[in-house]
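Summary of structural features
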Amino acid sequence: MTEPDSKAASVGKEIGRIQRVGLRRVWTHEAHDFTTWLEENIDVLEDATGLQLTGVEREHPAGAFSVDLIAEDEDGRVVVIENQLDKSDHDHLGKLLTYLVGVQARGAVWIVADPRPEHVGVVAWLNESSSADFFLLKLEAIRIGNSEPAPLLTQIVGPSEETRELGRTKKEMGERERLRYRFFEGLLGHAKSKTRLHANVSPSKRNWVAGASGITGLTFNYVALQLRARIELYIGTRDGEENQRIFESLASKKDRIESAFGRPLEWDAKEGRRACRISKTYGSGGYEDEAKWGTVHEELADAMAKLESALKPHLRSALP
């Protein structure tokens, strides 16, 4: 056992310790020293980002400004590189975006000594929301023992298929919200001539809008789905047992209510949940069928007027 222990101790002595060196001790001037060095050692940046860069050019003009470094990736897309030997700040972020637009680049690399959390978030958001690829790299200078100082570039944020997919999902969600708002904007404008239930209600980006019934917790709702839509009386007081009692009281008058409405309704007690609903679903179209909105709005507004007329005489008597 003595010999292996001796070897382990010997190996341990041969392992050096990383020491961090102040960046300004290695590159005194950001533009004259570091940018020049990076231009000549672009492979260090390639290793940190996975990019293959060619045609590297320093102080490339971008309108009234100059880009620290500009290059092309393996697909011939322009990449701008902004260097900062200090903590990340808004000024350099603004420059990076200005350069990106000015030279119509499709990639941007921001090298900083100390990335602020808010700027990490901004670069992550840019990767989700734009067509360009953004990298945020942390720059350190290190040495081992008495070695020459060496650069250490660490990728803090970079593009990925996951962030692109997240960005596409958010964009789709935003488009759905815009469609729903416009759908309800048209519906509420049309419905005013049929019933005053939603006369003072604003359009919603959600998939429903509610009109007051005059009883707390009970609302007459329009619900817009992608290809369908429905009207409903939503019974959603804070007391689940009270909701059930109100629902059962109305259900006991089901024949009279459906006769007044003119068609069968959907009676959903939502067993195991707090709320209940009485509704009617229509398959003529939803918020994605913009060409059918006129027909759908007419159908829903007429049906809501009938539902209000059929249910309101029985609501007060349904209360405990």
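Here, the structure is the one placed above.
So, here's what we can say about the structure. (Residues numbered from 1 in each chain as written. Predicted model: local features only at pLDDT ≥ 70, side-chain atom pairs only at ≥ 80, totals over all residues. Heavy atoms only, no water.)

Some details on the overall build of the chain
Looking only at helices and strands, the chain has ten helices and twelve strands in total. Taking 2.2 N^0.38 as the reference for a compact globule, 320 residues should give roughly 20 Å; the C-alpha atoms of the chain span a radius of gyration of 32 Å, well beyond that estimate. When the backbone C-alpha atoms are referred to their principal axes, the chain occupies close to 95 × 65 × 30 Å. Counting over 320 residues, the chain shows a buried share of 42%. Summarising the internal contacts of the chain: among those between residues at least 6 apart in sequence, 57% fall at separations of at least 24. Placing the 44 positive and 51 negative side-chain charges of the chain at their respective mean positions leaves the two points 11 Å apart. (Helix = DSSP H or I, 4+ residues; strand = E, 2+ residues; numbered from the N terminus. Rg over C-alpha atoms; globule rule 2.2 N^0.38 Å. Buried < 20%, exposed > 50% of the residue type's maximum accessible area, 1.4 Å probe, protein only. Contact = heavy atoms within 4.5 Å. Lys, Arg positive; Asp, Glu negative; His and termini not counted. Charge placed at Lys NZ, Arg CZ, Asp CG, Glu CD.)

Looking at the nonpolar core
Counting residues in each nonpolar core, the largest one holds 39 residues, and the members touching the most others are Phe-183, Tyr-222, Ile-231, Leu-233, Leu-250 and Leu-300. Put simply, the parts of the chain that give this core at least two residues each are helix H7 (161-191), strand S9 (218-224), strand S10 (229-235), helix H8 (240-251), helix H9 (254-261), strand S12 (276-282) and helix H10 (293-318). Per-element tally for this core: the top contributor is H10, with eleven residues. Excluding its chain neighbours within four sequence positions, the residues that come into contact with Leu-233 are Leu-218, Thr-219, Phe-220, Leu-250, Cys-276, Arg-277, Ile-278, Leu-307, Leu-311 and Leu-315. (Core = buried A, V, L, I, M, F, W, Y, C linked by side-chain atoms within 4.5 Å.)

Concerning the environment of His-297
Structurally, His-297 is set in helix H10. Judged by relative accessible area, which is 7%, His-297 ranks as buried. Each C-alpha atom of the pair His-297 and Thr-281 lies 13 Å from the other, and the pair is 16 residues apart in sequence. With near-sequence residues (within four places) excluded, His-297 lies in contact with Phe-183, Gly-186, Leu-187 and His-190.

Structural notes on the packing of H9 against H10
Closest axis-to-axis distance for the H9/H10 pair is 8 Å, and the angle between their directions is 150 degrees. On the basis of their axis angle, the class for H9 and H10 is roughly antiparallel. In the packing of H9 onto H10, the handedness of the crossing is right-handed. Residues Arg-256, Ile-257, Ala-260 and Phe-261 of H9 lie in contact with H10, whose contacting residues are Ala-303, Lys-306, Leu-307, Ala-310, Leu-311 and His-314. Broken down by class, the residue content of the contact of H9 with H10 amounts to seven nonpolar, one polar and two charged. (Axes fitted to C-alpha atoms, helices over the stretch in contact; angles between N-to-C directions. Parallel < 35°, antiparallel > 145°, perpendicular 65-115°, else oblique. Left-handed = near helix turned anticlockwise from the far one by under 90°. Nonpolar A, V, L, I, M, F, W, Y, C, P; charged D, E, K, R; others polar.)

Some details on empty space enclosed by the protein
Taken as a whole, this structure holds one cavity of 30 Å³ or more when the rule is applied. If you add up the space inside the largest cavity, you get close to 30 Å³. As for the largest cavity, its lining consists of Leu-51, Asp-73, Arg-77, Val-79, Arg-106, Gly-107, Ala-108, Val-109, Asp-133 and Phe-135. Contributing elements (two or more residues each) for the lining of the largest cavity: strand S5 (107-114) and strand S6 (133-144). (1 Å grid on protein atoms, 1.4 Å probe; cavity = no way out; pocket = protein on both sides within 12 Å on 5 of 7 lines; lining within 4 Å. Points joined across faces, edges and corners; volume = space filled by probe spheres on them.)

Notes on the pairing of strand S7 (residues 150-157)
Looking at chain direction, S6 and S7 are connected through seven bridges and run antiparallel. Within S7, the position partnered with Ala-141 by the bridge is Pro-151. Here S6 folds back onto S7, and the loop between the two strands holds five residues, one of which, Gly-145, carries a positive phi near 65 degrees. (Pairing = 2+ DSSP bridges.)

A short note on the pattern of salt bridges
Evaluated as defined, the whole model comprises 15 salt bridges. In this structure, Glu-232 and Arg-230 form a salt bridge, with 2.8 Å as the shortest nitrogen-oxygen distance. According to the relative accessible area criterion, Arg-230 is buried, its value standing at 17%. With its nearest N and O atoms 2.6 Å apart, the salt bridge here joins Arg-277 to Glu-232. (Salt bridge = Lys/Arg side-chain N within 4 Å of Asp/Glu carboxyl O.)

Brief notes about the packing of aromatic side chains
Geometrically, a pair of aromatic rings is defined through the distance of the ring centres and the angle of the planes. Tallied over the full model, the rule gives six aromatic pairs. With a centroid separation of 5.7 Å and 85 degrees between ring planes, the pair formed by Phe-183 and Trp-293 is classed as edge-to-face. Linking Phe-183 in helix H7 with Trp-293 in helix H10, this pair joins segments that are 110 residues apart in sequence. Through successive ring pairs, a cluster of aromatic residues spans Trp-27, Phe-34 and Trp-37. Above the plane of the ring of Tyr-287 lies Arg-180, whose end atom (NZ or CZ) is 5.5 Å from the centre. Lying across the ring of Trp-208, Arg-206 places its NZ or CZ 4.3 Å from the centre. (Phe/Tyr/Trp six-rings, centres within 6.5 Å; stacked < 30°, edge-to-face > 60°. Lys NZ or Arg CZ within 6 Å of the ring centre and 35° of its normal.)

Regarding the environment of Val-56
By secondary structure assignment, the location of Val-56 is in strand S2 (residues 54-62). Note on Val-56: relative accessible area 22%, which makes it partly exposed. Sequence separation between Val-56 and Leu-311 is 255 residues; the distance between their C-alpha atoms is 74 Å. Setting aside its immediate chain neighbours within four residues, Val-56 contacts Glu-39, Ile-42, Leu-69, Ile-70 and Ala-71.

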